[in-house]
Amino acid sequence: MAIVTVGIDLAKNVFAVHGVDEAGKPVLVRPEVARSKLLEMIASLPACLIGMEACSGAHHWARQFEQFGHTVRLMAPKFVAPYRMSGKRGKNDAADAAAICEAVTRPNMRFVPAKSVEQQSRLFVHRARQGYVAQRTALINRIRGLLSELGIVLPLKAATVRREAHKHLEDLPGWCNTVVGDALSELTHLDARIKQYDQHIEQSAKEDLQAKQLMRLDGIGPTTASAIVATVGKGHDFACGRQFCAWLGLVPGQYSSGGKQRLGRITKAGDPYLRTLLIMGGKAVLSAAKSKTDPLSRWAISVQERRGYWKAVVAVAAKNARMCWAMLQRGDTFKLPA
């Protein structure tokens with residue numbers, strides 16, 4: 001019988017492929033396929049459903065396989081693991097491929113949207129900026145640690161560290177002056193590089209129609225809009241705004257039993273970068289809401305009065321996420337809340 005479903009365990013050089021027919025019987029079991037032979041083998045197969053874990057290179061292979069008429073689905077590895085028949089102790093590439101082949105056919109499986117080259121190129125800018133920000137934070141903490149060895153204890157605020165470090169620089173003895181001076185010079189370089197990448201992100205957001213539409217919402221700036229569009233495209237992989245919100249981890253976890261509903265903290269599932277950007281936007285909206293009288297601002301203030309500051313911030317972030325999904329789906333027909 002013809003192959004209808006294929007599971008591929010991705011790697012750098014050697015891949016594992018597992019294919020089954022309509023009855024679920026394995027008809028293609030290849031534990032070791034060289035990277036140079038994978039595309040040729042997939043091209044020889046009839047159009048079928050191909051499942052892969054969303055890992056390094058998955059989006060590239062998805063685009064390649066779709067060119068041959070295959071339907072490609074990407075899944076988070078944590079959703080594939082329960083279908084591994086051999087359990088944790090029997091993990092190997094062939095077992096992973098078989099588990100992927102089984103998991104991709106589940107009716108309630110949640111999939112990762114496959115990204116285009118354009119989407120990935122925009123995410124490159126975001127990932128690079130994240131790396132530079134992390135380097136800057138580490139460098140500031142290093143400067144604080146070095147100065148504390150000399151009895152100069154500085155607060156956490158970055159601007160204060162810069163100012164006070166420059167103030168004490170000339171008084172530092174010997175090589176201490178050289179090391180801290182070089183660190184401050186590198187910090188200035190990182191500031192310039194981050195500013196440059198902020199400009200790249202702002203430019204890409206202005207050039208994208210969907211990102212420009214998202215920026216009409218309060219709390220959604222160029223960085224957030226560009227990241228959302230680059231990550232989910234038009235949001236077709238989500239049935240509704242709440243599903244998108246749950247994918248971002250902005251909904252409370254449920255611990256309900258015996259007919260009694262118990263809601264806990266937000267799940268914090270999904271992409272932490274997008275969730276962080278939306279939370280920061282929620283803080284900005286709540287801060288500006290005190291001087292506004294529009295319905296969203298009044299609602300945000302009422303939530304803060306009833307539930308506290310941080311719950312109100314998360315509520316605003318969740319509402320913005322839902323409106324972002326609706327705007328991506330409806331385009332120009334979406335109307336902002338009056």
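Everything below is about the structure shown above.
Residues numbered from 1 in each chain as written. Predicted model: local features only at pLDDT ≥ 70, side-chain atom pairs only at ≥ 80, totals over all residues. Heavy atoms only, no water.

## Focus on helix H7 (residues 174–207)
Let me state the cut-off plainly: Numbering goes from the N terminus for both helices and strands, where a helix is a DSSP run of H or I of at least four residues and a strand is a run of E of at least two. Expected helix span is computed as 1.5 Å times (number of residues minus one). Accessibility here uses a 1.4 Å probe with only protein chains present; expressed as a share of the type maximum, an area under 20% marks a residue as buried, one over 50% as exposed, and anything in between as partly exposed. In this analysis, two residues are considered to be in contact whenever any of their non-hydrogen atoms come within 4.5 Å of each other.
Under the 1.5 Å per step criterion, the end-to-end length of H7 is 51 Å for 34 residues, consistent within 8% with the ideal 50 Å. The set of residues buried in H7 consists of Val180, Ala183, Leu184, Leu187, Leu190, Ile194, Tyr197, Ile201, Ser204 and Ala205. Residues of H7 that are buried in the fold lie against helix H5 (117–148), helix H6 (158–169), helix H8 (209–214) and helix H9 (222–232).

## Some points on helix H13 (residues 309–330)
At 3.6 residues per turn, the α-helix brings residues three or four places apart onto the same side. Taking 1.5 Å of rise per residue, 22 residues should cover 32 Å, and H13 covers 32 Å from first to last C-alpha, within 8% of that figure. Looking one or two residues past H13, Gly331 carries a phi angle of roughly 65°, positive in sign.

## A few points about the pairing of strand S5 (residues 71–75)
For the record, the criterion: When DSSP finds at least two bridges between two strands, those strands are taken to pair. For the handedness criterion, the strands are oriented away from the viewer, and a crossover whose path from the first strand over the helix to the second runs clockwise is classed as right-handed.
Looking at chain direction, strand S4 (residues 49–53) and S5 are connected through five bridges and run parallel. When the sheet's bridge partners are listed, Ile50 is paired in S5 with Val72. Remark: the S4/helix H2 (residues 58–66)/S5 crossover connection has right-handed handedness. Bridging between S5 and strand S6 (residues 111–112) involves two bridges; their strand directions are antiparallel. Directly across from Leu74, in S6, lies its bridge partner Val112.

## Overview of the pattern of salt bridges
Counted only if it meets this: What makes a salt bridge here is a side-chain nitrogen of Lys or Arg within 4 Å of a carboxyl oxygen of Asp or Glu, nothing more.
Considering all chains together, one arrives at 12 salt bridges under this definition. A salt bridge links Glu164 to Arg163, with the nearest nitrogen and oxygen atoms 3.6 Å apart. Its relative accessible area of 16% is what places Glu164 among the buried residues. Since its relative accessible area comes to 47%, Arg163 is described here as partly exposed. Close ionic contact of Lys167 with Glu164 constitutes a salt bridge, the shortest N to O distance being 3.4 Å.

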